[in-house]
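Spelled out, the chains give:
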There are 2 protein chains.
Amino acid sequence: MASERQLSRRSLLGRTAAVAAGAGALTATAAGTASAATRDVDVAIVGAGLAGLTAARDLVAAGRTVAVLEARDRVGGRVVNLPLAGGGVTEGGGEFIGPTQTRIKALADSLGVDTFATYNTGKNLLYKDGKKTPYATDGLLGSVPPVDVAGLANAAIVQASLDDMAKQVPVDAPWTAAKAQEWDRQTFETWLRANAVVPSAKFLMDVACTSIFSAEPRELSLLFVLFYIAAAGDESTPGTLERLTETANGAQELRFVGGSQLVPVKLAATLGDRVVLNAPVRTITRSGGGYTVTADGVTVTARRVVVAVPPPLAARIVYDPLLPAARDQLTQRLPMASVGKAIAIYDTPFWRADGLNGQVVSDTGVVSSTFDNSPPDASYGALMGFIEADKARELDAASEAEVRAAVLKDYVTYFGEKAASPTSFVLQRWNNERYTRGGPVSIAAPGVLTQYGPALRAPVGGLHWAGTETSVHWMGFMDGAVRSGERVAKEVLAAL
Amino acid sequence: MASERQLSRRSLLGRTAAVAAGAGALTATAAGTASAATRDVDVAIVGAGLAGLTAARDLVAAGRTVAVLEARDRVGGRVVNLPLAGGGVTEGGGEFIGPTQTRIKALADSLGVDTFATYNTGKNLLYKDGKKTPYATDGLLGSVPPVDVAGLANAAIVQASLDDMAKQVPVDAPWTAAKAQEWDRQTFETWLRANAVVPSAKFLMDVACTSIFSAEPRELSLLFVLFYIAAAGDESTPGTLERLTETANGAQELRFVGGSQLVPVKLAATLGDRVVLNAPVRTITRSGGGYTVTADGVTVTARRVVVAVPPPLAARIVYDPLLPAARDQLTQRLPMASVGKAIAIYDTPFWRADGLNGQVVSDTGVVSSTFDNSPPDASYGALMGFIEADKARELDAASEAEVRAAVLKDYVTYFGEKAASPTSFVLQRWNNERYTRGGPVSIAAPGVLTQYGPALRAPVGGLHWAGTETSVHWMGFMDGAVRSGERVAKEVLAAL
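Chain A is annotated in an unreviewed UniProt entry as Monoamine oxidase of Streptomyces phaeofaciens. Quoted verbatim from the Cofactor (unreviewed entry) field of the UniProt record, the comment on chain A reads "FAD". In UniProt, chain A has this text filed under Sequence similarities (unreviewed entry): "Belongs to the flavin monoamine oxidase family."

Right, here's the structure in full:
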């Protein structure tokens, strides 16, 4: 067991993590930078998202000393609670969990964060060709929107094909699949055009694609899509496309009471002042038998380093000695997708009275999928819409007022005039966030996984890689982040 | 005209650019960093490659003050002379120029750097299926390797199709081509599989692809490939695939006497101490009406900033305020390709006596294309081989001795036992270069140009973008770099 040997000068710096356990966002109490603090720990962890915090938890439990360096003034990374004008919070980032997402669930349970069912009573709404069609979520076809019969049949075959192919992809090494080369040399769009030949089936797959990846089918390698489907399960349950897209029995099944960021906030609280906010890491330098990690305002020396930020941001740290080409070029090839979330708050979830569950699939507008994001007691109504892929990019440079107007226009189209006048409106645009620059997750174009996949997790000397992008289950989800933190902690402990 | 107002403390820092005009590499005289120097200029330029230096030249000629901040201890970027043990230099980066590359030619002329014809006398060599077949470069089929007749016919049709499609791509806005969406949703590999249906034709196109891009067809958007072909010409001459691949009348036609780096070295000499070496730029911050550019050891304030480094490296600078999402996400999506150059030096260019010009096209080995890189007087022989795409990546982690052994094995296969014993051997592995991390140029996967293309050159406030990746003619070549420097200087002058 390493001895505690922190040399922090936190009082001088005012960088104490102000842990408001059970409350909303975790914010720094001050941002003084009179002089650089130094710490000496066993493991420096870059990023206080779920991955970094989980790694820290496990390392501390094993008796190791850690420092978690977080660029933002809050913990949680891509998981964030946003305050509402009238009190309470809504969720600007990852919020749903579902079956087989056992590690995020276990973490939340351990911290006393409860879950509740995503509102799913009443009918979904298909908006297509200017027409609204409510449809049941529990029919013979599950919750597949009621397009023409030929389209439904085609979509069913396409879905089954994708699931079948995904079963042939080893989640821990997609590049070793027998057909890895064939699947990694084409875009998902190319494959869809050959297989989703009925227009309405192509429409359904396009909506599924943008909903899952916040990317268009042309941006994605087929192999990457298959891996992502395969990863939507756990050690004993193979992933399926349906588990990615569904609410009941799917990845959108449950939400967290108090908002998803409560999980990282409470987790950070258990770590106390091991978490340093407002500390973007600039350089990681090998020195002696360990590393020196330099962040704004604080320098940490450590025997091992865990980098738990998205790959394109990991690329922006200066490493000395420089990283192997495979790792560097990988981080040049895993861009963040493009996503925003728009949440409109109303006095009541009025769509429920119309027999609707608030879930829309649309072929138009800036928001093509929505959810009822109201709190469990429905003390107010919240409509959450995803702004995804091309639509997110089209609005990147728009003002917040312009986005609001476009989103509310869609909500009125889907749910009627009452949607025009929310009591408040919250917008989270991940593309414009300095420490994410897109979302929800990195994507891979053709050729990336087969050539660079092995560099995703391979440690480089004493540098270890975490973050949801490195997970073999639920990559892209909170669960994958937690799993990556648990895996990297084991990896580091075995090496220390 | 702005007044000269440099506040440099160069003597303190020892950062004077040691300009050895006419000599080999430009190196810093010292690397002291006792305290940060400051400069105040009209325009700060990030990167002293051909783009940045050309921009500086034009801005200075217009009476503006500039500071060119270069991360390396030399100028030239992807253009570098490497010293040979026995004296003289060989070229580790860009070295060839050809017809319609008028701007690099004019620049070299203005600096008194002469050209000479790439050695092209005698026969090319096809090595395929374990068999060597010499073939004439001036036959009916140009220098198309002598594969089976069906393959030649197929390859001719494929080449004509690519050229025809390329003619429909506006070089200044490929995303506006009538078929841009269709071409940008598929990989080049997908298109080749549908069109280069004869195996030997596919082989020829694969070799052309890796030779041109140092990337595999699966990594590239068809639209990007068509743009690159279209860009292989000038204002009055449409680009063609043949101009990219050929030696005579093609992009490999001429070389520079003294080595290609002489051009940036002599250009830097005209700029004197405006060029600061060993100064990697870390942050670009808007302040007042201008910008503060912070590099290691030197801080520059400027009214405008030109960033003239490859997009994935531009992404690693910290911008404050942060860049628009479109620009940031673009830089996440233009990775460097993968390339190395291996140059073996012999007492004589012995292959010439065998009637060979030193140019090989091969279906095996780590080097699948070679050139006779001997000096104009043939006082010694030099065989240069490209290590490209998958083959470069396979060798990224290999030792120099391992690479040397693999390369010389190939050279013996192609040119006989004499190739086994070079008098010296020079290896330049661009993937492992901190300030390039790949090469020769950024590549675009499907979906990038149509969604992010406009952000390639669009200025962001007072920030302007240069580098060969931003050129509408000869993107990826020295000529494109020079053109981008000229364009950006005009852009900045119009704005100042």
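**Here we look at the pattern of salt bridges**
Counted according to the given criterion, the structure contains 52 salt bridges over all chains. In this structure, R255 of chain A engages E91 of chain A in a salt bridge whose closest nitrogen and oxygen atoms are separated by 2.9 Å. Of this pair, R255 of chain A sits in strand β10 (residues 254-256) while E91 of chain A sits in strand β6 (residues 89-91), placing them 164 residues apart in sequence. Note on R255 of chain A: relative accessible area 5%, which makes it buried. Taking the shortest distance from any N to any O, the salt bridge between E95 of chain A and K341 of chain A comes out at 2.6 Å. Of the two residues, E95 of chain A sits in the loop between β6 and α3 (102-111) while K341 of chain A sits in strand β16 (residues 339-346), which places them 246 residues apart along the sequence. E95 of chain A sits in the buried class, given a relative accessible area of 2%. One connected set of salt bridges, linked through shared partners, spans R218, E219, D390 and R393 of chain A together with R333 of chain B.

**Points about the packing of aromatic side chains**
Residues and elements named next belong to chain A. Summed over the entire model, instances satisfying the criterion amount to 30 aromatic pairs over all chains. Centre to centre, the rings of F224 and Y228 are 5.8 Å apart; their planes meet at 45 degrees, and the pair counts as tilted. Of this pair, F224 and Y228 both sit in helix α8 (residues 222-230), four residues apart, which is roughly one turn of the helix. A single burial state applies to F224 and to Y228, both of which are buried. A centroid spacing of 6.3 Å and a plane angle of 85 degrees characterise the contact between F371 and F386, whose relative ring orientation is edge-to-face. Taken together, the residues span a long stretch of sequence, with F371 in strand β18 (residues 369-372) and F386 in strand β19 (residues 381-388) at a distance of 15 residues. Judged by relative accessible area, F371 falls into the buried class, the value being 9%. Classification of F386 by relative accessible area gives buried; the value is 17%.

**Some remarks on the domain arrangement of chain A**
Residues and elements named next belong to chain A. Annotation of chain A at the domain level lists domain 1 (10-78 + 260-323 + 460-495), domain 2 (115-119 + 340-432) and domain 3 (144-245). At the interface, eight residues of domain 2 touch ten residues of domain 3. Summed over both sides, the interface between domain 2 and domain 3 buries roughly 730 Å², with carbon and sulfur atoms accounting for 52% of that surface. It is V361, E388 and A389 that lose the most area in domain 2 upon contact with domain 3, and together they represent 53% of the buried surface on that side. Where domain 2 meets domain 3, there are two salt bridges. Put simply, R218 and D390 hold a salt bridge, and the shortest N to O gap is 2.8 Å. For the interface between domain 2 and domain 3, the tally reads four residue pairs in polar contact (both at pLDDT 80 or more). Classifying every residue of the side of domain 2 that touches domain 3 gives two nonpolar, two polar and four charged.

**Structural notes on unusual backbone geometry**
All names here are of chain A. Between D320 and P321 the backbone carries a cis peptide bond, its omega angle lying at 5 degrees. Tracing the backbone through its elements, the reader meets P321 in the loop between β15 (318-320) and α12 (325-331). Along the chain, G439 connects to P440 via a cis peptide bond; the corresponding omega equals 0 degrees. Examined against the element boundaries, P440 turns out to sit in the loop between β20 (424-429) and α15 (448-452). At T100, a position not held by glycine, the phi torsion is positive, near 75 degrees. Note on placement: T100 falls in the loop between β6 and α3. Unusually for a residue other than glycine, W474 sits at a positive phi of about 55 degrees. Here W474 lies in the loop between β21 (463-465) and α16 (478-495). With a relative accessible area of 0%, W474 lands in the buried category.

**As for the pairing of strand β16 (residues 339-346) of chain B**
All names here are of chain B. Taking burial as the measure, the eight residues of β16 include eight buried ones, the bulk of the element. Taken together, the eight bridges between β16 and strand β19 (residues 381-388) define a ladder with antiparallel strand orientation. From the neighbouring strand, K341 faces β19, where its bridge partner is F386. The pairing of β16 with strand β20 (residues 424-429) spans six bridges and is antiparallel. Considered in β20, the bridge of K341 is made with Q428.

**A word on the relation of the copies chain B and chain A**
Rotating chain B by 180 degrees and moving it 0.0 Å along the rotation axis overlays it on chain A with an RMSD of 0.0 Å. In symmetry terms, the pair is related by a two-fold rotation axis. Rotation axis and chain B: the residue whose C-alpha lies nearest the axis is R316 of chain B, separated from it by 2.3 Å. An overlap of 100% is found between the interface residues of chain B and their copies at the interface of chain A, pointing to a shared contact surface.

**Details of the side chain of Q332 of chain A**
Positionally, Q332 of chain A belongs in the loop between α12 and β16. You can call Q332 of chain A buried: its relative accessible area is 4%. Residues within four places of Q332 of chain A in sequence aside, it is in contact with P312, R316, Q332, P335, M336 and R437 of chain B.

Cut-offs applied
Residues numbered from 1 in each chain as written. Chains lettered and ligands numbered in written order. Predicted model: local features only at pLDDT ≥ 70, side-chain atom pairs only at ≥ 80, totals over all residues. Heavy atoms only, no water. UniProt positions renumbered as here; feature names shortened; annotations may be inferred. Salt bridge = Lys/Arg side-chain N within 4 Å of Asp/Glu carboxyl O. Helix = DSSP H or I, 4+ residues; strand = E, 2+ residues; numbered from the N terminus. Buried < 20%, exposed > 50% of the residue type's maximum accessible area, 1.4 Å probe, protein only. Phe/Tyr/Trp six-rings, centres within 6.5 Å; stacked < 30°, edge-to-face > 60°. Domains from an automatic or database assignment. Contact = heavy atoms within 4.5 Å. Buried area = accessible area lost by both parts, 1.4 Å probe. Polar contact = N/O pair within 3.5 Å; in protein donor to acceptor, adjacent residues only side chain to side chain. Nonpolar A, V, L, I, M, F, W, Y, C, P; charged D, E, K, R; others polar. Pairing = 2+ DSSP bridges. Least-squares fit on C-alpha atoms with pLDDT ≥ 70 in both.

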